[in-house]
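# Commentary on secondary and tertiary structure
The residues making up each chain are set out below.
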Amino acid sequence: MKGLIIDVGSGGNPLAVKGIKVVHCDISRRASVEVVCDAHYLPFRDKIFDAVYASHVIEHCLHPAKVLQEFKRVSKGRVIIKVMNTKLDYSDNSHLYSWNAKTLRQFLQRFFKNVEVYPTIRFDPYSNPVKRLLHKLKVLVTVSLFGRNELTAICKI
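Worth saying up front: this structure is predicted, and the values here are computed from it rather than measured. (Residues numbered from 1 in each chain as written. Predicted model: local features only at pLDDT ≥ 70, side-chain atom pairs only at ≥ 80, totals over all residues. Heavy atoms only, no water.)

## Observations regarding the pattern of salt bridges
Between side chains of opposite charge, a pair can form when the charged atoms approach closely. We apply this condition: Any carboxyl oxygen of Asp or Glu within 4 Å of a side-chain nitrogen of Lys or Arg constitutes a salt bridge here. Numbered from the N terminus, helices here are DSSP runs of H or I no shorter than four residues, and strands are runs of E no shorter than two.
Under the definition given, this model contains five salt bridges. Of the charged contacts in the structure, one is a salt bridge between Asp46 and Arg73, with a shortest N-O distance of 2.8 Å. In this pair, Asp46 is assigned in the loop between strand S3 (35-36) and strand S4 (49-55) and Arg73 in helix H1 (residues 64-74), connecting sequence segments 27 residues apart.

## Some details on the side chain of Glu150
Test applied: Relative accessibility under 20% of the residue-type maximum defines a buried residue, over 50% an exposed one, and the middle range a partly exposed one, all with a 1.4 Å probe and only protein chains included. The term polar contact refers here to a pair of N or O atoms within 3.5 Å; inside protein, the definition further demands a hydrogen-donor-capable atom paired with an acceptor-capable atom, and it admits residues adjacent in sequence only when both atoms are side-chain atoms.
When you line up the elements, Glu150 lands in strand S7 (residues 150-156). For Glu150, a relative accessible area of 3% translates into the label buried. Within the structure, Glu150 has its side chain in polar contact with the side chain of His56 (distance 2.6 Å). A polar contact of 3.5 Å, which involves the side chain of Glu150, links it to the side chain of Lys82.

## Re the pairing of S4
Stated formally: One requirement defines pairing of two strands: DSSP has to find at least two bridges between them. Crossovers are described as right-handed under a simple rule: with the strands pointing away from the observer, the path leading from the first strand over the helix to the second runs clockwise.
A large share of S4 lies buried, amounting to five of its seven residues. The pairing of strand S1 (residues 4-8) with S4 spans four bridges and is parallel. Each bridged residue has a counterpart across the sheet, and for Val8 the counterpart in S4 is Ala54. By the bridge criterion, six bridges tie S4 to strand S5 (residues 75-84) in an arrangement that is parallel. Among the inter-strand pairings, Phe49 is bridged to a residue of S5, identified as Ser75. Once the chain exits S4 it traverses H1 before rejoining the sheet at S5, and the crossover so formed is right-handed.

## A word on the sheet that holds strand S2 (residues 21-26)
Strand pairing in a sheet is mediated by backbone hydrogen bonds. Such pairs are either parallel or antiparallel. Heads up, the condition is: Contacts are assigned to residue pairs with any non-hydrogen atoms lying within 4.5 Å of each other. A fitted line through C-alpha atoms serves as each axis, taken over the contacting stretch for helices, and the angle formed by two N-to-C directions is quoted from 0 to 180°.
Judged by pairing direction, the sheet is mixed, and its seven strands sit side by side in the order S3-S2-S1-S4-S5-S7-S6 without closing on themselves. At either end of the open sheet lies a strand with only one pairing partner, and these are S3 and strand S6 (114-120). Two strands pair when backbone bridges link them, and S2 and S3 are joined in this way by two bridges, in the parallel orientation. Bridging across to S3, Cys25 finds its partner in Val35. Contacts between H1 and the sheet are confined to S1, S4 and S5, with S5 contributing the most and set at about 145° to the helix.

Written out as structure tokens, the structure reads:
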């Protein structure tokens, strides 16, 4: 085994990386979740994970700064964070915060030495083939008109 990654907020879309052990955690129980916990208080030792991966988590957290401190605490080196691009953010009442590339970089630089932010494209994983196709068409049209709908930040401790 090459390493150990924690997938915070994995929910129904768990991260899988060939040759690497991934620990899936979420605030609610699901089939793919091994650890039920709150991202504000991760129940792990310091520096236990080679990387922390959190896709669309921090915008839902009451105290994202506390969550980032937890990510930094349990990581040996890298933290990968994905959020919706505020420029194209879909209206979602569960989002407490939103960022664009500049504000995300500035926020993350309070916690990490090196932060790189990339615009990326997010497709929601619908199991229904018709819904999946319609969603992909909607995203592709939106992206072609306005730009990337997601931001991916790679942070080094």
